[in-house]
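# Geometric and topological summary
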Amino acid sequence: MMKKTILMGLCAASLLCSCSDEWNVARDGKGRISPVVGLDAEAVTSRSAAPESRAEGSWSNSWETLGDFDPATEFAVGEYVLEAFYGSEKEEGFEKPAYFGSQQLVVADSKTTSVALTAALSNSMISIDYTDAFKEYMASWSASVKGAGEAITYAADETRPVYVQPGNVEIAISVTKPNGLKATFTLDKIEAKAR
């Protein structure tokens, strides 16, 4: 049996539910899906949550948001993979989080299949904090975060995290000391993980 893929964008606070588990007494080889998608916005540093390989199938459909999905839609009986996503892992910068979740399900004849999945951060989130002693000593400073794309400037007063693709990331800092001497150096090279 071929697996089919269903894609949907995430929409905050959207929830779909079904009033009845069984709805078609004719048994015509079709069923319904009632998806509920949660969002895990917590970032962790100890494990990777990259998207799983997607099942290849002969059928695929997508909805811009979960709210666009009509719970009365009928699907042929069979195995499906439901995927939920937000943003793009390939886009790097401030306010560029990407989320992905995947869940396999089986549509049964004349039944509504409930499925719950959680979409987790699929790119890496980097924040830079300076100690008070550093800020009191330096005349000025800025940092840059270089992932797969162009380096992203992290200004001295920036507090937002930078989102980058998982992989090699270089963090550099430029400083001006009180005596006017300037320097730029690599602060760290890391292997960024999803989440």
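Treat the numbers as computed from the prediction; the structure is a model and nothing was measured.

### A word on the overall build of the chain
Secondary structure summary: the chain contains one helix and 14 strands in total. When the 195 residues of the chain are sorted by exposure, 37% land in the buried category. Here the contacts in the chain between residues at least 6 apart in sequence split such that 71% fall between residues at least 24 apart.

### Notes on the pairing of strand 14 (residues 182-192)
Successive side chains on a regular strand alternate, one facing one side of the sheet and the next facing the other. The pairing of strand 13 (residues 167-176) with strand 14 spans 10 bridges and is classified as antiparallel. Within the sheet, the bridge partner assigned to Val175 lies in strand 14 and is Ala183. Following strand 13, the chain reverses through five residues before pairing antiparallel with strand 14; Gly180 in that reversal takes a positive phi of roughly 95°.

### Some details on the sheet that holds strand 6 (residues 93-94)
The three strands are arranged 6-12-9 in an open sheet whose pairing can be described as antiparallel. Because the sheet does not close on itself, it has two edges, and the strands there are strand 6 and strand 9 (124-126). The pairing of strand 6 with strand 12 (residues 162-164) spans two bridges and is classified as antiparallel. Note that in strand 12 the partner of Gly93 across the bridge is Tyr163.

### Brief notes about the packing of aromatic side chains
The full count for this structure, using the stated rule, is eight aromatic pairs. Their ring planes at 10° and their centres at 6.1 Å tell us that Phe69 and Phe75 sit as a pair that is stacked. In this structure, Phe69 and Phe75 share a single accessibility class: buried. Seen from their ring centres, Tyr86 and Tyr99 are 6.3 Å apart, and the 50° between their planes marks the pair as tilted. Taken together, the residues Tyr86 in strand 5 (residues 78-86) and Tyr99 in strand 7 (residues 99-107) connect sequence positions 13 residues apart.

### Observations concerning the sheet that holds strand 14
The four strands lie next to each other as 11-10-13-14, forming an open sheet whose pairing is antiparallel. Only two strands of the sheet have a single partner each, and these edge strands are strand 11 (152-155) and strand 14. Put simply, the sheet's adjacent strands are angled 20° from each other on average, direction ignored.

### Brief notes about the pattern of salt bridges
Pairs can form between side chains of opposite charge whenever their charged atoms are close. Here the structure, examined in full by the defined rule, presents five salt bridges. In this structure, Asp132 and Lys135 form a salt bridge, with 3.8 Å as the shortest nitrogen-oxygen distance. Placement of the pair is Asp132 and Lys135 together in helix 1 (residues 132-137), with a separation of three residues, close to one helical turn. Between Glu170 and Lys189 there is a salt bridge; the shortest N-O distance is 4.0 Å. Residue Glu170 is located in strand 13, and its partner Lys189 is located in strand 14; the two are separated by 19 residues in the primary sequence. Residue Glu170 is classed as partly exposed on the basis of its relative accessible area, which comes to 30%. The network of salt bridges with common partners includes Glu95, Glu158 and Arg160.

### Some thoughts on the environment of Tyr80
Along the chain, Tyr80 turns up in strand 5. Overall, the relative accessible area of 3% leaves Tyr80 in the buried class. Sequence separation between Tyr80 and Val106 is 26 residues; the distance between their C-alpha atoms is 6.0 Å. Here Ala76 takes part through its backbone oxygen, which lies 2.7 Å from a polar atom of the side chain of Tyr80.

### Quick word on the confidence of the model for the chain
Per-residue pLDDT for the chain has a mean of 78; in total, 75% of the residues score no lower than 70. Every residue in residues 43-56 scores below 50 in pLDDT, and together they form 24 contacts with partners more than four places removed in sequence or on other chains.

Rules of the game
- Residues numbered from 1 in each chain as written.
- Predicted model: local features only at pLDDT ≥ 70, side-chain atom pairs only at ≥ 80, totals over all residues.
- Heavy atoms only, no water.
- Helix = DSSP H or I, 4+ residues; strand = E, 2+ residues; numbered from the N terminus.
- Buried < 20%, exposed > 50% of the residue type's maximum accessible area, 1.4 Å probe, protein only.
- Contact = heavy atoms within 4.5 Å.
- Pairing = 2+ DSSP bridges.
- Phe/Tyr/Trp six-rings, centres within 6.5 Å; stacked < 30°, edge-to-face > 60°.
- Axes fitted to C-alpha atoms, helices over the stretch in contact; angles between N-to-C directions.
- Salt bridge = Lys/Arg side-chain N within 4 Å of Asp/Glu carboxyl O.
- Polar contact = N/O pair within 3.5 Å; in protein donor to acceptor, adjacent residues only side chain to side chain.
- pLDDT = per-residue confidence, 0-100.

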